[in-house]
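A closer look at the structure
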Amino acid sequence: MNFELLEGNNLKIRAAVLGEGPLVVLVHGWPESWYSWRHQIEPLAKAGFKVAAIDVRGYGGSDKPHEIEAYTLKNIAADVAGVIDSLGYKEAYLFGHDWGGPIVWTTGLLYQDTIKAVGALSVPYTPIGEKSLIQLFRELYKDKFFYQLYIQKEGVAEAEFETNVRRALEITYFSGDGRGMQHMLENIGNPAYKKTVDSTMLENSPEFETYPEWLTQEDMNYFINEFTASGFRGPFNRYRAQDIDFKELQEFKNLSYPLPACFITGTLDPVNFFARDESASEDDILAAFTKNYDDLRKVEIIDGIGHWTQQESPELVTSHMIDFLTKL
């Protein structure tokens, strides 16, 4: 595997590159890295693909512009298109996780002549509606704590996370995985986990004495080193750019997704609970995941895993990805 600095949208994007064949670009989410795809890169290459797992702008070895406006979906989609061109390809397949999901969904819309198919983990395609998602969250959580609203004030979340990067990442990763989510579901109403509208992101969050099976101390040290070097402003700016996204992507308002698509998630992914009616059945959730596509080829819901989809269930997720790609 080689690391290459590729041309994005007037900046450099670091990518871990391996293999030969049709190009698959892998796009991570928050707070992650190309390393989040470590289990998928070699199997995809062995299956006959050239793989480029990127650091999104603001992360790791990629450039890190300061301004919020640099982190719109339109700008990051242009980075992905630039990576494809830099590698000498005219077309590519995309997979994204967490924020990587909206990034690859948007890239597919903006570059339909280049992108052949799109897969996402954790975050399904949601078309532009009548309001931006962050505005909907402002209304839905106006008297409650919600992490995306906490992030909006520049510098506050950065200060909290950068004070102790290890603790911040351990809480973030371990509260959102299958173990953490099961723990939270079993402790609904526990005052130790109660947050108010004035809470910080990390306070009153579960902390565990042991690491989960899906992540080693060595893995965690890699992530810690990346964020110790890069800081968190760029990653948090992605959340702050959502109102700009809403204005810039109006041409896709209420659009059903036109490209061949794949969606993979876990039964305990916290994204499933963001705006969910507590009485909703799994069938209701599945219907919500699958209603906005013209050509949804594959949907997989993996039992017992939380938000870190491709890391918590690497072999199964990889097999689903390869199945989707090879059947296109």
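Residues numbered from 1 in each chain as written. Predicted model: local features only at pLDDT ≥ 70, side-chain atom pairs only at ≥ 80, totals over all residues. Heavy atoms only, no water.

Here we look at the packing of helix 7 (residues 165-176) against helix 9 (residues 217-230)
- Two elements in contact, helix 7 and helix 9, have axes separated by 10 Å at closest approach and are oriented at 120°. Between helix 7 and helix 9, the angle is such that the two are oblique. Crossing handedness for the pair helix 7 and helix 9: right-handed. Seen from helix 7, the contacting residues are Val165, Arg166, Leu169, Glu170, Tyr173 and Phe174; seen from helix 9, they are Gln217, Met220, Asn221, Phe223, Ile224, Phe227 and Thr228. (Axes fitted to C-alpha atoms, helices over the stretch in contact; angles between N-to-C directions. Helix = DSSP H or I, 4+ residues; strand = E, 2+ residues; numbered from the N terminus. Parallel < 35°, antiparallel > 145°, perpendicular 65-115°, else oblique. Left-handed = near helix turned anticlockwise from the far one by under 90°. Contact = heavy atoms within 4.5 Å.)

Side note on helix 6 (residues 156-163)
- The complete set of buried residues in helix 6 reads Ala157, Glu158, Glu160 and Phe161. One side of helix 6 carries all its buried residues, which in axial view fall inside an arc of 165°.
- Lining the buried residues of helix 6 we find helix 5 (147-151), helix 7 and helix 10 (233-240). (Buried < 20%, exposed > 50% of the residue type's maximum accessible area, 1.4 Å probe, protein only. Arc of directions from axis to C-beta.)

Some remarks on the sheet that holds strand 5 (residues 92-97)
- Taken in spatial order, the eight strands make up an open sheet running 1-2-4-3-5-6-7-8, and their pairing is mixed. Across the chains shown, the open sheet's two edge strands, defined by having one partner strand only, are strand 1 (2-7) and strand 8 (296-302). Averaged over all adjacent pairs, the angle separating strand axes in this sheet is 20°, with direction ignored.
- With six bridges connecting them, strand 1 and strand 2 (residues 12-18) associate as antiparallel partners. Paired with Glu7 across the two strands is Lys12, which belongs to strand 2.
- Contacts from helix 3 (residues 100-110) reach strand 3 (23-27), strand 5, strand 6 (115-121) and strand 7 (261-266) within the one sheet, and its direction differs from that of strand 5 by about 150°. (Pairing = 2+ DSSP bridges.)

Some words on unusual backbone geometry
- Between Trp30 and the following residue, Pro31, the backbone shows a cis peptide bond with an omega angle of -15°.
- Relative to the helices and strands, Pro31 is located in the loop between strand 3 and helix 1 (38-46).
- In the Ramachandran plot, Asp98 falls in the positive-phi region, its phi being about 55° despite a non-glycine side chain.
- By the element assignment, Asp98 lies in the loop between strand 5 and helix 3.

Topic: the pattern of salt bridges
- Here the structure, examined in full by the defined rule, presents 20 salt bridges.
- The residue Arg14 makes a salt bridge to Asp55 at a minimum N-O spacing of 2.6 Å. Taken as a pair, Arg14 in strand 2 and Asp55 in the loop between strand 4 (50-54) and helix 2 (73-86) lie far apart in primary sequence, 41 residues in all. Taken individually, Arg14 and Asp55 each receive the classification buried, so the pair is uniform in this respect.
- Across the pair Glu158 and Arg240 runs a salt bridge whose closest N-O atoms are separated by 2.7 Å. Of the two residues, Glu158 sits in helix 6 while Arg240 sits in helix 10, which places them 82 residues apart along the sequence.
- Each of Lys298, Glu300, Asp323 and Lys327 takes part in salt bridges that share partners, so that together they form one network. (Salt bridge = Lys/Arg side-chain N within 4 Å of Asp/Glu carboxyl O.)

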